[in-house]
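Chain and residue survey
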Amino acid sequence: MSGGGVSNPYVVIFIALMAVLVVQLIVSYVSSKKQRAQQELPIKTVSVVGCVRGDYEIEKEFSEGDFVGRVVGDCPQCGAPLIIKRIFVVTVGPKQQKS
Ligand SMILES: [Zn+2]
């Protein structure tokens, strides 16, 4: 007698265990990703760009490669070089409850 197609119960249990393992892996991966996003959200890095002659200043969002003293353009007021004057971090967390 050779009845093919009947699943071995051990194979079924093994597959079920694997499925649980995979689901757990996905859940932990998603939750760790969520935590990382929450850590990144409330912080914002700002670069203060200003004219070397001091007649113009503006804040812009920090972009990769920015450093203090970097020339980023020309002053719209006098045409002198615009440089990054300072870089600082601000918290922009939505949880600002004052009662
Ligand atoms: Zn200027």
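The paragraphs below set out a description of the structure included in this document. Predicted, not measured: the structure shown is a model, and the values here were computed from it.

A contiguous nonpolar surface patch, about 400 Å² in accessible area, is contributed by Val 11, Phe 14, Ile 15 and Met 18. For Ile 15, the location among the structural elements is in helix α1 (residues 9-40). By relative accessible area, which is 52% here, Ile 15 ends up exposed.

A separate point is the coordination of the zinc ion. With distances of 2.1 to 2.4 Å, the protein atoms coordinating the zinc ion are Cys 51 (SG), Asp 55 (OD), Cys 75 (SG) and Cys 78 (SG). Taken together, the four donor atoms surrounding the zinc ion define angles of 91 to 131° at the centre, an arrangement classified as tetrahedral. Read in sequence order, the donor residues for the zinc ion give the motif C-x3-D-x19-C-x2-C. Here Cys 78 lies in the loop between β3 (71-74) and β4 (81-91) and Cys 51 lies in strand β1 (residues 43-51), a separation of 27 residues in the sequence. Its relative accessible area of 31% is what places Cys 78 among the partly exposed residues.

Our focus in this paragraph is the pattern of salt bridges. Following the criterion strictly, the structure yields three salt bridges and no others. Arg 86 is paired through a salt bridge with Glu 57; the nearest N and O atoms lie 3.8 Å apart. Taken together, the positions of Arg 86 in strand β4 and Glu 57 in strand β2 (residues 57-61) put the pair 29 residues apart, joining distant regions of the chain. Notably, a salt bridge pairs Arg 70 with Asp 66, separated by 2.8 Å at the nearest N-O pair. Taking the relative accessible area as the measure of exposure, Asp 66 reaches 8% and is therefore buried. Taken together, the shared-partner salt bridges connect Lys 60, Asp 66 and Arg 70 into one network.

Cut-offs and rules
Residues numbered from 1 in each chain as written. Predicted model: local features only at pLDDT ≥ 70, side-chain atom pairs only at ≥ 80, totals over all residues. Heavy atoms only, no water. Patch = residues over 30% accessible without salt bridge, like charges linked within 9 Å, V, L, I, M, F, W, Y side chains within 5 Å. Areas by Shrake-Rupley, 256 points an atom, 1.4 Å probe, with all protein chains shown as cover. Salt bridge = Lys/Arg side-chain N within 4 Å of Asp/Glu carboxyl O. Helix = DSSP H or I, 4+ residues; strand = E, 2+ residues; numbered from the N terminus. Buried < 20%, exposed > 50% of the residue type's maximum accessible area, 1.4 Å probe, protein only. Donors = N, O, S within 2.8 Å, 3.2 Å for Na, K, Ca; no water. Tetrahedral: all angles 85-135°; square planar, octahedral: opposite > 155°, others 65-115°.

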